[in-house]
Amino acid sequence: MISNTQLALSLLVLAAYLLGSIPNGLLIARLKGVDLQKVGSGNIGATNVFRCVGKGWGIAAFVLDAVKGFVPAFFFPRLLESAPPWLGLACGVAAVAGHNWPVWLKFKGGKGVSTSAGMLLGIAPAAVGVGFAVFALTVALTRFVSLGSILAAIAVPAAYLWMNGADNRLLASALVVMGALVIFKHRANVGRLLRGIEPRIVGKK
């Protein structure tokens, strides 16, 4: 355990950002000889790995990206003797920011869905369960990962507010902002969905 100092808090948030900025999808694709930024959607996230590298590798990328959100949100506050109540949220948000704007890739990263899910699992597991159910059902019915992600981004803050009200206004506000960010990062997908040209996760390779 380390003492609760301003320096320690700052270092933990910075470490969360650096952990979040590890481009798991890009690294996995490179192991298979694929430049993820030049195929499919060009995104470094798990969905593009799923489409362009393979189902198993896409699942691996999803899990790894979720872990890098969960670890800072759940474990980093436990490294301090007396962590402030906002530290888990701050570290989780920093990890998501690292995934979306990684310093290693000139701040051009993924859309933050997997990392956000992992972070939220560490601080609001019940709401994440609802969001995951919405995501899974949507993808199963439509085969659109993007649509599942967008609806899950709406479902998580809605579920949290329904179950907890405004008891934790900071967390509730953060969930709303994060959901809005996920939707904003999917704005191109929204356009393709409206035009009927969004690719599904199955079909011709």
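Everything here concerns the structure above.
The following refers to the structure shown. Since the structure is predicted, the reported quantities are computational estimates derived from the model, not experimental observations.

Under the definition given, this model contains three aromatic pairs. Ring geometry for F70 and F74: centres 5.1 Å apart, planes at 15°, overall stacked. Within this pair, F70 and its partner F74 are both found in helix α4 (residues 55-74), separated by four residues, close to a single helical turn. Accessibility expressed as a relative area gives 27% for F74, which makes it partly exposed. Each ring, one from F74 and one from F75, has its centre 4.9 Å from the other, and the planes form 85°; the classification is edge-to-face. A relative accessible area of 41% means that F75 is categorised as partly exposed. A cation over an aromatic ring shows up here: R78 above the ring of F74, its NZ or CZ 3.9 Å from the ring centre.

A separate point is helix α2 (residues 24-31). Within α2, burial applies to N24, G25, L26, I28 and A29. In the core, the buried residues of α2 are packed alongside α3 (46-52) and α4. Phi for G33, located one or two positions after α2, is positive at around 80°.

With that settled, the discussion passes to the nonpolar core. In this structure, M119, L120, A127, Y160 and L175 are the most contacted members of the largest nonpolar core, which totals 16 residues. Broken down by secondary-structure element, the contributors of at least two residues to this core are α5 (87-100), α6 (113-123), α7 (125-142), α8 (145-164) and α9 (169-185). Ranked by the residues each element gives to this core, the list is headed by α9, at five residues. The residues touching L175, leaving out its near neighbours within four places in the chain, are L120, V156, P157 and Y160. Judged by nonpolar contacts, the second largest core, of 11 residues, contains I28, I44, A46 and L105.

In this section: a nonpolar patch on the surface. A cluster of nonpolar side chains, contributed by L7, L11, L14, L18, W101, V103, W104 and F107, occupies part of the molecular surface with about 800 Å² of accessible area. With respect to the helices, strands and loops of the structure, L11 is situated in helix α1 (residues 6-20). The class of L11 is partly exposed, set by a relative accessible area of 48%.

By the element assignment, W101 lies in the loop between α5 and α6. According to the relative accessible area criterion, W101 is partly exposed, its value standing at 35%. Placed 88 residues apart in sequence, W101 and V13 show a C-alpha to C-alpha distance of 15 Å.

Each value, and the rule that gives it
Chains are numbered independently. Their residues run from 1 in the order of the written sequence. Whole-chain, interface and lining totals are the exception, using all residues; otherwise, since this is a predicted model, local features are given only for residues with pLDDT of at least 70 and side-chain atom pairs are given and counted only at 80 or more. Side-chain measures here rest on the full set of heavy atoms in the structure, leaving out hydrogens and waters. Only the six-membered ring of Trp is used, alongside the rings of Phe and Tyr, when aromatic pairs are assigned; centres must lie within 6.5 Å, and planes under 30 degrees apart are stacked while those over 60 apart are edge-to-face, with the rest tilted. We count a stretch as a helix when DSSP gives it H or I for four or more residues in a row; a strand needs E for two or more, and each element gets its number in order from the N terminus. Classification of residues uses two cut-offs on accessible area relative to the type maximum, computed with a 1.4 Å probe and protein chains only: under 20% is buried, over 50% is exposed, and between them is partly exposed. The criterion for a charge sitting over a ring is simple: Lys NZ or Arg CZ within 6 Å of the ring centre, and within 35 degrees of the ring normal. Residue contacts are counted whenever heavy atoms from the two residues lie within 4.5 Å of one another. Buried Ala, Val, Leu, Ile, Met, Phe, Trp, Tyr and Cys residues that are joined via side-chain atoms within 4.5 Å together make up what is termed a nonpolar core. The residues that make up patches have over 30% relative accessible area and no salt bridge, and they are joined within 9 Å when like-charged or within 5 Å when they are Val, Leu, Ile, Met, Phe, Trp or Tyr. Per-residue and other accessible areas were derived by the Shrake-Rupley procedure at a 1.4 Å probe size, with only the shown protein chains allowed to occlude residues. By definition, a salt bridge exists where a carboxyl oxygen of Asp or Glu is found within 4 Å of a side-chain nitrogen of Lys or Arg.

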